[in-house]
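Residue strings, one per chain:
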Amino acid sequence: MTTDVASPEPAPAAPPDPRPDRLRAPREAPAAEVSRNPRTGASARGPRHTEPRELAGLLSAAAGDAARIAATAPALRGHWLRTVADALEEHAEELTALADTETALGPDRLRGEVGRAAAQARFYGEVAAEGGWLDVRIDRAGPGGPGGPGGPADLRRMNRPLGPVAVFGASNFPFAFGVAGHDTASALAAGCPVLVKAHPAHPLLSARLGTLVSDALRAAGAPAGAFALVTGFDAGLALVDAPEVAAVAFTGSQTAGTALVERAARRPVPVPVFAEMGTVNPAVLTLAAAATAAGVTRAATGFVDSFTLGQGQFCTKPGLLLAPRGSGAAEAAAGALADVRPGWLLTEGIAAAYRQGLADLVAAGARPVARAEAADGAFAAAPTVLTAPADALRPGSRLLEECFGPVALVVEYDGTPHLRDLLGRLQPSLAAAVASGGPADPDLPWLVEHLARQAGRVVVDGWPTGVATGWAQHHGGPWPATSRPDATSVGAAALDRFTRPVAFQNVPEAALPEALRDGDPWNLPRRVDGVRTGGRS
């Protein structure tokens, strides 16, 4: 793990970029990352880049310990993750202060996110210990067994860890989707070593988190190869190419995610890339909800609160509100914008791309309805509500693409057939929301069914920017929202990404993985001869 920090020095200017994680190197790659303060633009020299020989050693350690980690009882891996959670909470104030200097997200938001990351780690430890994700199935030999007329056969099946996982965290959630975030915790829970690429938007925080996670895992008795942090653009590409790496998890822009998918597919042995990229998440105001002024105001206020949360830097930000013609939704949203407190975007590149994105949306036919005052400082943003005619939403339009930051579009529709047509023009998304007139709203059944075909999560009378970590959560969606519509990066099913099923036929007891042995030493839920059995009470 590389965590060396040098003294402050001037930083080179970052090129404009929709998000700070596009898969391209700067023209002259420095020997170390550069830490920037979004409020002031001040820079400091960050951790040095991981050198090729050092990376080779980390990859070798991960591969060498992979079998041992996979064979560790899930309950013990749960203990590892609880220890990581304890370390995060113990250092919460230190981490909050450090993160604020690199993200400007504010102490309250960041302090809460540290707690969230700790809770996530504990949750994934509980999921590991519960064991249902292993999907153990046993068909025993005997009359009527799986061998059929040709003779009895003992057949046993379970999910097995893939091996070392490369994790590329997000800029906008430095804890929840960072070094110790969802991907890292769920991969460790599934029995996979993890190598995390430090994010250039918060390199000093990444280095500190890398040290805390490594120390916590070591204290909990985890093998040395269970976790490592690498730094630098070239080191990140080398992770994707490394034969030791069995899967890649990524959160960020569509450009970078697509490039990672393509690069991993060109390997001699391709590996899966689970990329959460995000698109324009639509929201619909129904005719029944728009029948009263109170309904319109309530929906407009929730919409504005959601798309400006975290300065619009959420992958689940609602970017488009479809409202009945004449409802006054755009004007109500403009009124709600007056209460929004402006802030700063994460990087210079994001701030520049936001300004360019606003200009591109206007050029594509959008019209500003209201714009809040921008904050003072280097990477400030002016929250904005736009509107556009419905016929401007056509294939290939910039209006149908994400603009990362605190901006959203309001478009009016003329009745149900028109609304169906507009929804059919949208890209699939991570989430979709409906502001309804209540449970009896006649548009709810068809809207929920329609949106479920093009979004990973459908929210009724709520907003998508709250993503709970739980057993039923799905944080994914059809392409281009994610690279794998069957996968989620949040919730109990997140472990499934890092496993594959293996069947064992007529294998002697001593040669079977522990999870498949007759004594059920791990006390797992299992299906034996078609009957569910075992597991924790």
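As shown above, the structure is provided for reference.
What this report covers is the structure whose coordinates are included nearby. (Residues numbered from 1 in each chain as written. Predicted model: local features only at pLDDT ≥ 70, side-chain atom pairs only at ≥ 80, totals over all residues. Heavy atoms only, no water.)

### Section: the pattern of salt bridges
According to the stated counting rule, one finds 22 salt bridges in the structure shown. A salt bridge links Glu89 to Arg122, with the shortest nitrogen-to-oxygen separation between them at 2.8 Å. You can see Glu89 sitting in helix α2 (residues 74-90) and its partner Arg122 sitting in helix α4 (residues 107-130), a full 33 residues away along the chain. We classify Arg122 as partly exposed; its relative accessible area is 24%. Here Asp183 makes a salt bridge to Arg497, at a shortest N to O gap of 2.8 Å. Taken together, the residues Asp183 in helix α5 (residues 182-189) and Arg497 in the loop between β16 (455-460) and β17 (499-505) connect sequence positions 314 residues apart. What makes Asp183 buried here is its relative accessible area of 6%. Owing to a relative accessible area of 5%, Arg497 belongs among the buried residues under this scheme. Taken together, the salt bridges that share partners define one network made up of Asp86, Glu89 and Arg122. (Salt bridge = Lys/Arg side-chain N within 4 Å of Asp/Glu carboxyl O. Helix = DSSP H or I, 4+ residues; strand = E, 2+ residues; numbered from the N terminus. Buried < 20%, exposed > 50% of the residue type's maximum accessible area, 1.4 Å probe, protein only.)

### A closer look at unusual backbone geometry
Between Trp479 and Pro480 the backbone carries a cis peptide bond, its omega angle lying at 10°. Structurally, the position occupied by Pro480 is in the loop between β16 and β17. Look at Asp520: it is not a glycine, yet its phi comes out positive at around 50°. Of note in the backbone geometry, Asp529 takes a positive phi value of approximately 50° without being a glycine. Secondary-structure assignment places Asp529 in the loop between β18 (525-528) and β19 (531-534).

### A short note on the sheet that holds strand β7 (residues 227-230)
One open sheet accounts for five strands, arranged β7-β6-β5-β8-β9; its pairing is parallel. Across the chains shown, the open sheet's two edge strands, defined by having one partner strand only, are β7 and β9 (273-276). Geometrically, the sheet is characterised by an average inter-axis angle of 15° between neighbouring strands, direction not taken into account. With four bridges joining them, strand β6 (residues 194-197) and β7 adopt parallel strand pairing. (Pairing = 2+ DSSP bridges. Axes fitted to C-alpha atoms, helices over the stretch in contact; angles between N-to-C directions.)

### Side note on the packing of aromatic side chains
Considering all chains together, one arrives at seven aromatic pairs under this definition. Geometrically, the ring pair formed by Phe123 and Tyr124 is edge-to-face, given 5.5 Å between the ring centres and 70° between the ring planes. Across this residue pair, the class does not change: Phe123 and Tyr124 are buried. For the pair Phe123 and Trp471, a centre-to-centre distance of 5.8 Å together with 75° between the ring planes defines the contact as edge-to-face. Within this pair, whereas Phe123 is found in helix α4, its partner Trp471 is found in the loop between β16 and β17, the two being separated by 348 residues in sequence. Residue class for Phe123 comes out buried when judged on its relative accessible area of 10%. An aromatic cluster of at least three residues, connected via ring pairs, comprises Phe123, Tyr124 and Trp471. Positioned above the aromatic ring of Trp446 is the side chain of Arg420, whose terminal nitrogen or guanidinium carbon lies 4.0 Å from the ring centre. (Phe/Tyr/Trp six-rings, centres within 6.5 Å; stacked < 30°, edge-to-face > 60°. Lys NZ or Arg CZ within 6 Å of the ring centre and 35° of its normal.)

### Section: the packing of α4 against α5
Axes are the key here: two packed helices are described by the angle between their axes and the distance separating the axes. At a closest axis distance of 9 Å, the pairing of α4 and α5 adopts a crossing angle of 20°. It follows from the interaxial angle that α4 and α5 lie roughly parallel. The interaxial crossing formed by α4 with α5 has right-handed handedness. Together, Arg116, Gln120, Ala121, Tyr124 and Ala128 of α4 and His182, Ala185, Ser186 and Ala189 of α5 make up the contact between the two elements. The class makeup of the residues in the contact of α4 with α5 is five nonpolar, three polar and one charged. (Parallel < 35°, antiparallel > 145°, perpendicular 65-115°, else oblique. Left-handed = near helix turned anticlockwise from the far one by under 90°. Contact = heavy atoms within 4.5 Å. Nonpolar A, V, L, I, M, F, W, Y, C, P; charged D, E, K, R; others polar.)

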